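Listed here are the chains, written in short residue letters.
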Amino acid sequence: MKRFLYCSSIIMILLSLAACGKALSSGQTQTEEEHRAYVIEDEYPEIEDDDKITVELGKINIGFIQQSNLEEWQVIQSESFYMAFSSSGEYNYNSLDAFGEIERQKELFNRMIEAPMDIIFLVPTDESLVEDFKAQADGAHVELIIMNKDEQHAMNGEEARKMLEEATNQTDKKR
C-alpha cells in the first residue's frame, strides 16, 4: 500500500510538472486555448502531435502501446513504464496511446515496426488482432510482448524491465 501511494504521489508530481511546463512554454493555458477556440464557431483547438517515435543506435529501443489512458490504473501503468525505461541510459523509450481505437492501434503498431523498435509492449484494444500483431512482429524480427488489459493482471514498468534484463542475460549466456 505504501508503495502504491508513493508511486501515485510521484506520478501526480510528474503530471503536475508536465502540465506547468506546457502552460509556461506556450504562453497560454489549455483553458485559454479552448476558450479562444470555442468563441469562434466550429473552430477547435489544435492538438499537438505527440506520436513521435525515436530510434537511437547503441540503445535498446522500447515501444509501449497502451490500449488507452482513460482509467487511473492505465495512467499509472504508462507512467511506471516511462519511469522504468527512461531512468536508464541503455534504453530509448517510446510510448503511444491508442485512445481505445482499434485502427489507431494498428497504425501506431505499424509505425513502431517500421521505426524499428527492438521490443514492443502492447496492451491490445482487440484480442482478435493479437495473432496478426505477432506475425507482423516476427516478420520484422521485433520482439512483441502482449500484455493483459485488465487491472488485476497489469504489468508495471519495473516488472517489464526486469523481464527484459533477464531475457538479455539468458541470451548472453547462450553466446
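Please refer to the structure higher up on the page.
Residue positions within a chain follow its written sequence, with the count starting from 1. Side-chain atom pairs in this predicted model are given and counted only at pLDDT of 80 or more, local residue features only at pLDDT of at least 70, and totals for whole chains, interfaces and linings cover all residues. Values reported for side chains reflect all heavy atoms of the structure, with hydrogen atoms and water molecules removed beforehand.

### Here's the deal with the pairing of strand β1 (residues 60-66)
Judged by how many residues are buried, β1 sits mostly within the fold: 6 of 7 residues are covered. Pairing of β1 with strand β2 (residues 91-97) involves 7 bridges; the strand directions are parallel. Bridge pairing in β2 places Q66 opposite D97. Read from β1 through helix α3 (residues 72-86) to β2, the crossover connection turns out right-handed. One ladder, built from 4 bridges, connects β1 with strand β3 (residues 119-122); its direction is parallel. Its bridge partner being in β3, I62 is matched across the sheet by I119. Throughout, exposure labels follow a simple rule: accessible area from a 1.4 Å probe, protein chains only, divided by the maximum for the residue type, with under 20% read as buried, over 50% as exposed, and the rest as partly exposed. By definition, any uninterrupted DSSP run of H or I lasting at least four residues is a helix, any uninterrupted run of E lasting at least two residues is a strand, and each is numbered from the N terminus. A pair of strands counts as paired when DSSP detects no fewer than two bridges linking them. Whether a crossover is right-handed comes down to one check: with the strands pointing away from the viewer, does the path from the first strand over the helix to the second run clockwise; if it does, it is right-handed.

### Some details on the packing of aromatic side chains
Within 6.5 Å between ring centres, the rings of Phe, Tyr and Trp (the latter by its six-membered ring) count as paired, and their orientation is classed by plane angle as stacked under 30 degrees, edge-to-face over 60, tilted in between. Here the structure, examined in full by the defined rule, presents 8 aromatic pairs. A centroid spacing of 6.3 Å and a plane angle of 65° characterise the contact between Y82 and Y93, whose relative ring orientation is edge-to-face. You can see Y82 sitting in helix α3 and its partner Y93 sitting in strand β2, a full 11 residues away along the chain. Its relative accessible area of 12% is what places Y93 among the buried residues. Aromatic side chains F85 and Y91 sit 5.1 Å apart centroid to centroid with 85° between the ring planes, which places their arrangement in the edge-to-face category. The pair F85 / Y91 is uniform in exposure class, with both members buried. What links up through ring pairs into an aromatic cluster is the set F64, F81, Y82, F85, Y91, Y93 and F121.

### Considering the sheet that holds β1
Paired through backbone hydrogen bonds, the strands of a sheet run either parallel or antiparallel to each other. Spatial ordering of the open sheet is given by β2-β1-β3-β4, a layout of 4 strands whose pairing is parallel. Strand pairing shows two members of the sheet lacking a second neighbour, β2 and β4 (143-146), which therefore form its edges. Within the sheet, the average angular offset between the axes of one strand and its neighbour, ignoring direction, is 15°. Contacts from helix α4 (residues 102-114) reach β1, β2, β3 and β4 within the one sheet, and its direction differs from that of β1 by about 175°. Across the sheet, helix α5 (residues 130-140) touches β3 and β4, and the angle it forms with β4 is around 160°. Every axis in this analysis is a line fitted to C-alpha atoms, fitted for helices over the stretch in contact. Angles between the N-to-C directions lie between 0 and 180 degrees. By definition in these notes, contact holds between two residues if any of their heavy atoms fall within 4.5 Å.

Everything listed here is a matter of coordinates, which is why it stays silent on function.
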